[in-house]
Amino acid sequence: MRFKPRPFKKPIRFKCLFCLDCCRGRHVYLTLADIGRISKAGHDLQDFVTLSVEGGKVRFVLSVREWDLGCIFHNPETGRCTIHPVRPLICRIYPFMVSRKPIGVEGEEPVELGDAKLWLYYDANCPGVNAEGAGLVITPEEVAELGLRFEKEFKKTDLDGFIELLKALD
Ligand code: SF4
Ligand code: SF4
């Protein structure tokens, strides 16, 4: 499913409808904190971590199934995430996204959090956004905080840190 960005400027009601769509064909970057948390929940690193080399840097990406490119933690029958309480930070942010610069969508405006200026969006293709009966209210501030946390964790995520993590988990 392709992310269809719309500016996220005021609180939105959200309820996941488990439509099966957003956990397939996505490139989910993992931070070292994500990898450690999922591993401590009993999952073997070799089952869920895929290494990818991008622009001369090693990145860690959530593994996908070959037959449908679905995340290996996605239950294809129920649409549910089987590691929901420990899922990667990027999955907690979806169906929203956080950018350090505008991406060229009509109506976009920055949100200021501390000294950070961020542009926030939601995915208009996610049927859970403003879904009927949706009780969970998501605010731009909480998404901005998660985005900054991801940025901070992602900066610290490198091969040396991964090797240290392997030793610590051994
Ligand atoms: S696209 Fe939206 S409603 Fe569908 S599974 Fe993902 S978060 Fe839930
Ligand atoms: S970890 Fe869970 S929420 Fe994230 S892509 Fe996989 S199934 Fe979806």
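Our structure's up above, just so we're on the same page.
Predicted model only: the values in this text are computed from it and were never measured.

Procedures and definitions
- Within each chain, residue numbers correspond to sequence positions counted from 1 in written order.
- Chain letters and ligand numbers both follow the written order, the letters beginning at A and the numbers at 1.
- Whole-chain, interface and lining totals are the exception, using all residues; otherwise, since this is a predicted model, local features are given only for residues with pLDDT of at least 70 and side-chain atom pairs are given and counted only at 80 or more.
- Put simply, DSSP marks the helices as runs of H or I at least four residues long and the strands as runs of E at least two long, and each gets a number from the N terminus on.
- The globule rule used here is 2.2 Å times the number of residues to the 0.38 power, and the radius of gyration it is set against is calculated over C-alpha atoms.
- Around each residue's C-beta, the other C-beta atoms within 10 Å are counted; 20 or more make the residue buried, 12 or fewer make it exposed, and counts in between make it partly exposed. All C-beta atoms are placed from the backbone.
- Note on contacts: residues are paired as contacts if their backbone-placed C-beta atoms lie within 7 Å.
- What makes a residue near a molecule or strand is its C-beta atom, placed from the backbone, lying within 6 Å of it.
- Under this grouping Gly is polar, as are all residues other than the nonpolar Ala, Val, Leu, Ile, Met, Phe, Trp, Tyr, Cys and Pro and the charged Asp, Glu, Lys and Arg.
- Here, any two strands with at least 2 DSSP bridges between them count as paired.
- Defined on buried residues, the nonpolar core groups Ala, Val, Leu, Ile, Met, Phe, Trp, Tyr and Cys residues joined through C-beta atoms within 7 Å.

Regarding its fold elements, the protein presents five helices and eight strands. The C-alpha atoms of the protein give a radius of gyration of 17 Å, which matches the 15 Å a tight globule of 170 residues would have. Taking all 170 residues of the protein together, the buried fraction comes to 22%. Sequence-distant contacts in the protein: of pairs separated by 6 or more residues, those separated by 24 or more amount to 75%.

Moving on to unusual backbone geometry. Along the chain, Tyr 94 connects to Pro 95 via a cis peptide bond; the corresponding omega equals 15 degrees. Mapped onto the secondary structure, Pro 95 falls in the loop between α3 (89–93) and β5 (96–99). Although it is not a glycine, Phe 18 sits at a positive phi angle of roughly 50 degrees. For Phe 18, the position within the fold is in the loop between β2 (12–14) and α1 (32–40). Since 14 C-beta atoms lie within 10 Å of it, Phe 18 is described here as partly exposed. If you check the backbone angles, Leu 69 has positive phi at about 60 degrees while not being a glycine.

Let us look at the site of ligand 1. Every residue close to ligand 1 is listed here: Cys 16, Leu 17, Phe 18, Cys 19, Asp 21, Cys 22, Gly 79, Pro 95, Cys 126, Pro 127 and Gly 128. Class assignment for the residues of the shell around ligand 1 results in eight nonpolar, two polar and one charged.

This part is about the pairing of strand β4 (residues 57–62). As defined by bridge partners, strand β3 (residues 49–54) adjoins β4 across six bridges and the pair is classed as antiparallel. Among the inter-strand pairings, Val 49 is bridged to a residue of β4, identified as Leu 62. Between the antiparallel neighbours β3 and β4 lie two residues, among them Gly 55 with a positive phi of about 55 degrees.

Our next topic: the environment of Gly 55. One can find Gly 55 in the loop between β3 and β4. The class for Gly 55 is exposed, based on 5 C-beta atoms found within 10 Å. It is 26 Å that separates the C-alpha atoms of Gly 55 and Ala 116, two residues lying 61 residues apart in sequence.

This part covers the site of ligand 2. The environment of ligand 2 is made up of Cys 23, Val 28, Leu 62, Cys 71, Phe 73, His 74, Cys 81, Ile 83, Arg 87, Pro 88 and Cys 91. Among the residues forming the shell around ligand 2, the class breakdown is nine nonpolar, one polar and one charged.

With that out of the way, let us pick up the nonpolar core. Counting residues in each nonpolar core, the largest one holds 26 residues, and the members touching the most others are Phe 8, Cys 71, Phe 96, Leu 120, Tyr 122 and Val 143. Counting only elements with at least two residues in this core, the list comes to α1, β4, β5, β7 (116–123) and α4 (140–155). Sorting elements by how many residues they give to this core places β7 first, with four residues. Non-local contacts of Phe 96, meaning those with residues more than four positions away in its chain, are made with Phe 8, Leu 120, Tyr 121, Tyr 122 and Val 143.

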